Structure formats: C-alpha cells, structure tokens
Amino acid sequence: MSFDHAAIEKKWRDYWEKERLFACDTSDFSKPKYYALDMFPFPSGQGLHVGHPEGYTATDIVSRMKRMQGYNVLHPMGWDAFGLPSEQFAIKNNEHPEGFTRHNIDHFREQLKMLGFSYDWERELATIDPEYYKWTQWIFVEMFKHDLAYVSDVPVNYCPELGTVLANEEVIDGKSERGGYPVIRMPMRQWMLKITAYADKLEKGLEGLDWPKSTIEMQRNWIGRSTGVEIDFPVAFTGLSFKVFTTRVDTLFGCTYCCLAPEHPLLKTIVDPSKKEEVERYVKEATAKSELSRLASSEKEKTGVFTGAYAVNPINGRKIPIYVADYVLGSYGSGAVMAVPAHDERDYLFAKAHGLPMIQVIEGDISNSAYEGDGKHMNSAFVDGLDIAAAKQAILERLIETGHGRTKVNYKLRDWIFSRQRYWGEPIPMLSDGKGEEIPLDESELPLTLPPLDDFTPSKDGKPPLARAPESWLKVERNGKSYVRETNTMPQWAGSSWYYLRYIDPHNDKCLCDKRLSDHWMPVDLYVGGAEHAVLHLLYARFYYKFLHDIGVVSGTEPFKRLVHQGMILGENGEKMSKSRGNVVNPDDIVRDYGADSLRLFEMFAGPLSETKPWSTTGLVGARRFLERAYRLVDEEPYLSRIKAENDHSLDRSYAKLVKKCTEDFESLSFNTAIAEMMVFVNDCYKASNLYRGHLEGFVKILSCICPFIGEEMWHKLGHEKSLAYEPWPTYEEKDLVEEKKKVALSVNGKVRDVLLLAPDAGEEEAREAAFLSEKAKPYLEGKTVKKFVYVPGRIVNVVVA
RNA sequence: GGGAGAUUGGCGUAAUGGCAGCCGCGAAGGACUCAAAAUCCUUUGGUAGCGAUAUCGUGCGGGUUCGAGUCCCGCAUCUCCCACCA
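What counts, and where the lines are drawn
Residues numbered from 1 in each chain as written. Chains lettered and ligands numbered in written order. Predicted model: local features only at pLDDT ≥ 70, side-chain atom pairs only at ≥ 80, totals over all residues. Heavy atoms only, no water. Helix = DSSP H or I, 4+ residues; strand = E, 2+ residues; numbered from the N terminus. Buried < 20%, exposed > 50% of the residue type's maximum accessible area, 1.4 Å probe, protein only. Pairing = 2+ DSSP bridges. Contact = heavy atoms within 4.5 Å. Patch = residues over 30% accessible without salt bridge, like charges linked within 9 Å, V, L, I, M, F, W, Y side chains within 5 Å. Areas by Shrake-Rupley, 256 points an atom, 1.4 Å probe, with all protein chains shown as cover. Salt bridge = Lys/Arg side-chain N within 4 Å of Asp/Glu carboxyl O. Lys, Arg positive; Asp, Glu negative; His and termini not counted. Charge placed at Lys NZ, Arg CZ, Asp CG, Glu CD.

Topic: unusual backbone geometry
No. 1: For the peptide bond that leads from Leu446 to Pro447, omega is 0 degrees, which places it in the cis range.
No. 2: Turning to its location among the elements, Pro447 is positioned in the loop between strand E19 (438–440) and helix H13 (471–474).
No. 3: Cis geometry marks the peptide bond from Met522 to Pro523, where omega comes out at 0 degrees.
No. 4: Take Pro523: it is sitting in the loop between helix H16 (515–521) and strand E22 (526–529).
No. 5: Even without a glycine there, the phi angle at Asn94 is positive, about 50 degrees.
No. 6: Along the polypeptide, Asn94 turns up in the loop between helix H3 (84–93) and helix H4 (97–114).
No. 7: We classify Asn94 as exposed; its relative accessible area is 58%.
No. 8: A positive phi angle is found at Asn379, which is not glycine, with a value near 50 degrees.
No. 9: Note on placement: Asn379 falls in the loop between helix H11 (345–354) and helix H12 (388–402).
No. 10: What makes Asn379 partly exposed here is its relative accessible area of 46%.

Points about the pairing of strand E21 (residues 481–485)
For a regular strand, side chains alternate in direction, first toward one face of the sheet and then toward the other.
No. 1: Where strand E18 (residues 430–432) and E21 come together, two bridges link them in antiparallel fashion. Within E21, the position partnered with Leu431 by the bridge is Arg485.
No. 2: Taken together, the four bridges between strand E20 (residues 475–478) and E21 define a ladder with antiparallel strand orientation. When the sheet's bridge partners are listed, Glu477 is paired in E21 with Ser482.

Quick notes on the environment of Met522
No. 1: Mapped onto the elements, Met522 comes out in the loop between H16 and E22.
No. 2: Sequence separation between Met522 and Lys561 is 39 residues, and the spatial gap between their C-alpha atoms is 8.9 Å.
No. 3: What Met522 contacts, discounting residues up to four positions off in sequence, is Lys33, Tyr35, Tyr500, Leu501, Ile504, Tyr545 and Pro559.

Re a negative patch on the surface
No. 1: Negative charge collects at one region of the surface, where Asp761, Glu765, Glu766 and Glu769 lie side by side.
No. 2: Structurally, the position occupied by Glu766 is in helix H26 (residues 764–773).
No. 3: With a relative accessible area of 43%, Glu766 lands in the partly exposed category.

Observations regarding the pattern of salt bridges
No. 1: For the structure on display, the rule yields 52 salt bridges.
No. 2: With its nearest N and O atoms 2.8 Å apart, the salt bridge here joins Arg20 to Glu122. Taken as a pair, Arg20 in the loop between helix H1 (5–19) and strand E1 (33–38) and Glu122 in the loop between H4 and strand E4 (125–126) lie far apart in primary sequence, 102 residues in all.
No. 3: Take Glu122: its relative accessible area is 40%, and that puts it in the partly exposed class.
No. 4: In this structure, Glu636 and Arg632 form a salt bridge, with 3.7 Å as the shortest nitrogen-oxygen distance.
No. 5: Each member of the salt-bridge network shares a partner with another, and the members are Glu230, Asp232, Lys243, Arg406 and Lys408.

Structure below.
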C-alpha cells in the first residue's frame, strides 16, 4: 500500500473545514455563477448506500472544475427530512420523530464529509427546521390567497381493519402493506392544490429544457394534454344534459349508448325508479373498490348497469340508453363517454357483454374487435366517404353550428391532494370554523410549529394525529369567533418543491429568498438525481417555481436548466441491492478499506453516469491500483527524479489530449471516458524518461476533481503549501494536438488494405500518389479501373475499383 | 395497450458516418525475489497459420452510402416508466 488513505483524508478534510474552503458568497457577483445541485436525500436510518455517492460525485467533479475555471460555485446540501419512515419509526419506538431524524442527519452529514464532497455546509438546511418550513407554509398561504388551494371531499385509502388512512405507497394490490387487510376508497375532507391551473404552462415549459428525453416524455404523458370535442347530450324527457369528451368525434354516428362514471352527479336525478336500487348498489360497490382493484378486475370484464334513462345523440336525434360503468373514470374529462363499440375496444367489450347494438361507421373488420384505424366513413350521412380527419372537421362544424359541441383541451393531470393524515409533516397554517370558512394564518404567526404529542398514530376514525393535540393548540379565537386549526399536514413533496431557492439565501428571515440573489443564481445549472423523481418531484417543483414567478417572488419560469439522472448501482450479481439478497455494499466499509477516492473513482469509471451498472470489487481494486500508480509518480524513485522544471516536450501531445478530453468530458458528465484518458496519460508518464512538472500539476488538478484527497496530497508533494481548489484550470495548445503525419486507412472497395502516413493538410493528389505506391494494396488495385477516389483528410482514403 | 432506452470480446465498456474493441477487470507470459505478494514490462475478439497474413465478426432481416456499431424501415430480446385517459 503506497499511501495511507485514512491519514490523507483526515488531513485534507480538516484543512478544508478550517479554511472554509468551499464556503460560497452568493452576494459576490464579480465572477460568473455556477449552481450545481444534488437532489437532497431523505436521511433514512440505514445511512448512505453506494448509490448516493454516484450522483453526488458527478456534481462534485463539475463543481470543482468550475471553481478552477473561475466560477463562483454554489454547491449545497440539505435534508428532505419529513416523511413516513421516520414517523413509523417513531410510532414503533414511541419516540418523537425529530430525535431520530436529527440523529440520522448527523450520520448522513458525517458520511458525506467522509466522501470529500465540496459542499458549502454553512448553507445546510432541513425541511424540518421551523425557519425553513415557515416559508413552506408561507407559500401555501399564498397559494390559498390566489385560489390555488381549496378543500374538497376526495376518496382516500382507508383500511377499516387497521382503522387508518394509508398513503398510496402503503397500499399494495388493494391491500394494506402491513397486515394485508383490504383497503377501500372513502371520501374525506382534503386540502387540494390546483396544479391543473398550470397544466398548460407545465406542458409548454418542457420545450427547451436540457433534460433527458424520457423524463420530458414522462412529464408530457403525465400532464396528458389531448385535444378533442366536448359534446352536449340531452337526457330524453328531462331538460337535463351532460357533456362528453371525445377525441373521435368522427365516429359520432356510431354511438349506440352512453356511459357515466359511478361518481357522475347526474346519477342522483336521472335514474329510472325501477332501476334505482340496482344502480345504487353498483355505484356503492364501484366507489368502494380501490382504484387498483377496480382496474384489475375491470380489465377482464366490463361491468355496468342500465340507468333506465336515455340520451339523445345530437347529430341525428337517435335515442340511446345511458349506462353507469366503472370503466368510465369520474376524474377524467366530464366523467361520461359516448360509446362507439364498433370503433373503440373498451366500448366493444362492454357492448358484447351487455348485448348492446353496434353501428359500423368506418370500413374495416369488426368481427373480433373494434376497428380503430383510419378509413372511409359509412352510415354517417353527410360524412360518408370521408377519412377520419375530414369527418372530424365536418362533424365538429355541424356541432358548433347547432350549439351542441365545441373543441376542448383535456388534461390527464389532476389536482394535487395536499393533505396527509400524519404527524411528521409541515402543519397546514389554516383555521376552520367547521362550517366551510377557511382562513389562513398571518405571516407574523408563521412558522406554525408542530405541537408535541404522546402518540403519533392516526386515529381509528381516520382523523390525523394532530386532532389529538391539546385544546390550547387546536382552538383559536379570531375576531371573537372560534376556529379550529387544520390538523392535516403537508406531504413530503412540499418541502422539496422549493429548497433549491433557499440554498441561495438560507438565513434570510424577511423572505424566502432575496430576489436580487435568485435573479443572479437561478436557474440551477446542473441538477442530478434519481429517475424515480422524473414525474412527481420535478413536476411539483416546476409548479411551485411557476407560481412563485406569477406572484413576483422569482423572475424565471423554470428552476432546472439541465437535469441528469444517475443510473442505479446493482449488486455484484447484477441484482438490485437489498438486505434480503445479502448483496448490499456499505460505503463506510469501502472508505475504510480502500479510501473515499477509490470509491469515487470506481463509481465514475464503471460506466456512463446514467446507465445502471453492477458493483464490482475487482473494479474497485482497479481504481485503487490506478491511484497508487499515479501517486507513485510524485512519491517514489525512479519517477521522482524524472520530474523536471523544464519541458522536454515529449509528453506535450499526451498532455494536450488529456486536458482537452477531460475538460470536455467533465462538462458532458462523461467521466468514464475522461478517466480512461487519465489512465492513458499515466501510462505515458511511466514510459517517459522526463516528466515535466507543469504537466503533472495539470494532471493532478484534473484528478483532484474526482479524487480530491489524493489530489490535494499529490499537489502538496509537488511542492505547494495551499489547496489546489482555486488554482487555474489547465489549458493546452491546439498545436500540440496536430500530428505531423497522421495514420490514414487506405481501403479498396471499402475494405481496409493498408495504413498510409499523410500530413493532415495533404491534398488529394498526394493521397492518390501514396495510395498507388502501397505495396499491400497493390494486388487489389492492379489491372482494375478506378471508378471513384474518396479522400477525407486525416480519416480515410477509399479507392473504388471495378 | 402506449412511451423511453438498451443489445459490441470471458466481464464493465470505447468509438464527430471513416483502421471496431480505447481504458479497466480477468487471463497468460516475462523481469525483480531464496520464494511469494506487491510492482514493472509484454500479450490477449474468433478461426487458420511458426509467421507475414488471410478470413469472419457489433442481437436478426432489409435499405441508404464509396464506406454503417453509428443513419432509415421492419423484427426479436431485455430494462424502466405510464396504462380503461374516451
């Protein structure tokens, strides 16, 4: 073992802290800014796993390079510290979740420091800090004031057996995660955020983001914008009507019945008395089923019952039956569909199951399934013979004329259920008179802190734990009137939706972030985190940011300019790491045995950042071996005495390639190929008889981004007293990359036959001459007619012969 | 059912449309050593050949091109995400 990693790591860690080396002054605008952000972790009881350092190392490398390139770098870290696991731990151990959470945070912080990340720890924040969640609550109040927060009765997962409300994550296949008891949907009073008001902005803002394509696509699907037609269907003999949404208005003549969702309000009034009992029973069963089980059972079988009522098809006046069926979702469109069994697979199955008629309106085979393709229309009066696009247009025009329809944009996106019946979250800063009046707390009353409780379990009736808070906390007088505090808390997403702003100005008690500072620092230049947050966290954060823009808190409209997801690190056997598989790798052990630098280097070298890749102990040993090999250059004979103050230029080219490749690859986060180039450079150093000190210094600066401890130590060994963290980034000369003669492949009919040595600026005549002088290519050229001669300087010569 | 991505040596991987396999792991050989480890130096896609070399080779089938791992069309397999969205 050629260096003592434990001693080196301790030495430089202490030095960095003592010198406050990575503290960032965000009010210093004299240098260009760079904001490199990691998705902050949930501080779980297990501590860091080897997946965490992957993304963190990536942003750390870029941060370190940017500092040397003269940027003012903001590279912060904090804790997403509210959340269910801590609460469950608290319930189990009958302790307050805060103690456990703080303890975990201390452990995480220590582990991150151990790994040498250049975070500005003076900006550390946690979502559970009252100084932080004061502003989380403030944003909620602002949303309420702007009509974006409202109360509604919506179905939640309720487990009668456990007597408690469950989060979606706690429901597996319609059963409770603990105990496996059935879970039903039950309406309950909830706070909602009107994210749908931002559907259009959220969709449009995706354009122009430097994000993974897949993530943009996922968000687009989630928002689910679709353009179609809204049609009014009168209910026969009642004077009432309902709206349906369709993207296939061209098939309107093929509509043979309508379906309402079980939640549809019209069911209360239009059902024929003879069907009332049957419909009520069906609705009750359907709404009690959890969404998952409803989905699972109805895929096999389309259930539903006739309401006894009839609708009138506005295009032809035909009377068609109205059904209620749970394959129609209450929460999408208008909760009602026009059913065209001949041309929609779901309607087809339902019609078959219930003996409903079919009218084919597009030529195609409907003997075994609905025909959903394009074709000539039939049985459709004035659109007969037209294709889908033309028929859509014609029918839409007719509907507009008669006032029965209009174009309509629909979104899959639903409003955000923002309450949790939990203790360990931000209290929602609202007061209720119990009769529908909801008033927000004044800013001066924030933060509203969590009251201490003895028992954190939700009540049997589904009431949140805070409902058992002391009366002194719960009851509030306002203008002579009695109010009760809101007892729901916010979801974990709340705190993580705006934390990137707070880092810029973490100790500000006047506002959540000084606008002068956010104008300078936002958007985040590089955001790295797991793909599991592709939709929810990133959508919520964008929503918050757009809202903050609209109320004038920030100027921008998108918080994260560039986003990258790190891939997962699997176990050595290629399976997911898990305790049950016994293949979990603990970073503490790796750092103890091989050092933090080796861990960082290995994770960056194992493959492209975004790919999933397996852990490899031999790969880790290889990383360590490379570091020792590099270290030996500045620590051992005979290499040490080869180091010269003068450059003999033998390594100029190798060095220029190193600097160019690493600078570009660090920027594009292609660390594996940058490291390969660093290895090439070290291999070249071993072959060289003289080593220019300047080259080694440049190499060490580059290496230090990935392996900061050994980097600092080598810098020190090269005769420097201070840290290299703010030394200028190495440069290279373009001329060093140019070779006098370059190898150029000579191919005949596309098959390589020889390699020519040509000057990079050699002309075509020169190339042609060299090609026909080649002995190796001779047999393939002799006696043939040259049909074409292709010459790409520096690349290839291709002779096409007949 | 829809979407996104992937498929290259024994393994992880690399290749602005231009010599496929850089770099690493593993393996083999050599130097050093009494010996081993460590280190240093070679070799390492398959087949044939002592060798120069030849030949085959980037999941499968087509296409574009002087030239395709790379671009286009179709297919297979895998991974992830969404999914009764009218």
